[in-house]
Structures are given as C-alpha cells and as structure tokens.
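# Close look at the chain arrangement
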Amino acid sequence: MMQEKNRDSLLSDINVTPFVDVMLVLLIIFMVAAPMMVQGVDVSLPETRTVQQLDTEQEPLVVVIDKNGAVHINDMEVGAENLGEKLEKIFENRSSPEVFLRADQNVSYGRVVMVMSEIKSAGVQRLGVVAQQSDAAQEIDQD
C-alpha cells in the first residue's frame, strides 16, 4: 500500500535540462549571426595602399554615403541638409566629437566634400575617412 501512494505523488523538481539545451543552441546561433548584423549600410569602399587605425575613446559615430548618394548616420538615413543639425544634437551628449566617414567609391567627389563640410560645421574635431587596404598593398606588407 505504501508503494502505491509514492507512485501517485507529484514530482516537485523541475527538469531544467531541456531549457539548458535550448539556451545553448540559441547562444551558438547568436554568436554566429551577430558579426553579420554589424555591417550596416552596404558601401564599396575605395582602396588605398596605406590604412591607419585610429584610437577612439567612445563608440565611433559613422556617417555613410551609399552608392546612390544618400547620407546615413550609423544605420539611420538622414538628408544631407539635416546632417549638421542632427550631428549637433548627437554631440550634445558626447565628450569628444569624432566621426568616421564611409563613402562609396562611386560617389562624386563633390558630394563627399559637401558632406564633410556639413560634418565640420557641426563642430566635429576629428574626422576620419574610412578606406579599404588594397590587395597589392597587403601582399607587400606580408613579404
């Protein structure tokens, strides 16, 4: 009679093994997918022989000019005429105004200069232009 009573009682422990399995699978998926989501706006960067890394204290603000000439602050599209105003508002909360400019290699020089002028007029002290190191220069560096 005692054995029948024990079989019918409820189990008060929670089995967490399936939960842990699911969490580990999700962790692996996010670890693989996270670097792919960082890309932002697709830009074909111009190539150069020398590329210099800049040290930044904060997360850099990136202004992007895509192949159609549209201007983006990080991933948000803004009009070129509103760029200076938006940057001033952003830099109210930052200690050091610095911007990285990524421009597609097919964008006209005049468009890039106009955007650079808007960035400088917003009070930016450090403006870095992002480029990609050419394959020929990488081969020379490896030798």
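One can find the structure itself at the top, above this paragraph.
Computed from a predicted model, the values in this text were never measured in an experiment.

### Points about the sheet that holds strand S6 (residues 126-129)
Strand order in the open sheet formed by five strands is S4-S3-S2-S5-S6, with mixed pairing between adjacent strands. Edge positions in the sheet fall to strand S4 (76-78) and S6, since each of these pairs with one other strand and no more. Direction aside, the axes of adjacent strands within the sheet are offset by 30° on average.

### Points about the side chain of aspartate 104
Take aspartate 104: it is sitting in the loop between strand S5 (98-103) and helix H4 (109-121). For aspartate 104, which is buried and forms no salt bridge, the nearest opposite charge comes from lysine 67, at a distance of 6.6 Å. Within the structure, aspartate 104 has its side chain in polar contact with the backbone nitrogen of asparagine 106 (distance 2.9 Å).

### A look at H4
Helix length check: H4, at 13 residues, gives a terminal C-alpha distance of 18 Å against a target of 18 Å (1.5 Å per residue), a fit within 8%. Buried within H4 are the following residues: Val112, Val115 and Ile119. Looking straight down H4, one finds that the buried residues subtend no more than 65° of arc, so they occupy a single side. In this structure, the buried side of H4 is in contact with strand S2 (61-65), strand S3 (71-73), helix H3 (83-91), S5 and S6. Of the residues flanking the end of H4, it is glycine 123, one or two places downstream, whose phi is positive at about 95°.

### Examining the nonpolar core
Counting 19 residues, the largest nonpolar core has Val63, Leu83, Leu87, Val115 and Ile119 as its most contacted members. Elements with a minimum of two residues in this core: S2, S3, H3, S5 and H4. Leaving out residues up to four positions away in the same chain, valine 115 has contacts with Val63, Ile65, Val71, Leu83 and Leu101.

### What to know about the pairing of S2
Of all five residues making up S2, five are buried, and the element is well covered by its neighbours. Neither face of S2 is left uncovered, since the one carrying Leu61, Val63 and Ile65 and the one carrying Val62 and Val64 both have all their residues buried. Note: S2 against S5, five bridges, orientation parallel. Paired with isoleucine 65 across the strands is alanine 103, a residue of S5. The pairing of S2 with S3 spans three bridges and is antiparallel.

### Digging into H3
Within the span of H3, buried status applies to Leu83, Gly84, Leu87 and Phe91. Taken around the axis of H3, the buried residues stretch over an arc of 95°, which confines them to a single face. Looking at the buried positions of H3, the neighbouring elements they touch are S2, S3, S4, S5 and H4.

The rules behind these values
- Residues numbered from 1 in each chain as written.
- Predicted model: local features only at pLDDT ≥ 70, side-chain atom pairs only at ≥ 80, totals over all residues.
- Heavy atoms only, no water.
- Pairing = 2+ DSSP bridges.
- Helix = DSSP H or I, 4+ residues; strand = E, 2+ residues; numbered from the N terminus.
- Axes fitted to C-alpha atoms, helices over the stretch in contact; angles between N-to-C directions.
- Buried < 20%, exposed > 50% of the residue type's maximum accessible area, 1.4 Å probe, protein only.
- Lys, Arg positive; Asp, Glu negative; His and termini not counted.
- Salt bridge = Lys/Arg side-chain N within 4 Å of Asp/Glu carboxyl O.
- Polar contact = N/O pair within 3.5 Å; in protein donor to acceptor, adjacent residues only side chain to side chain.
- Expected span 1.5 Å × (residues − 1).
- Arc of directions from axis to C-beta.
- Contact = heavy atoms within 4.5 Å.
- Core = buried A, V, L, I, M, F, W, Y, C linked by side-chain atoms within 4.5 Å.

Any functional reading would require information that these geometric values do not contain.
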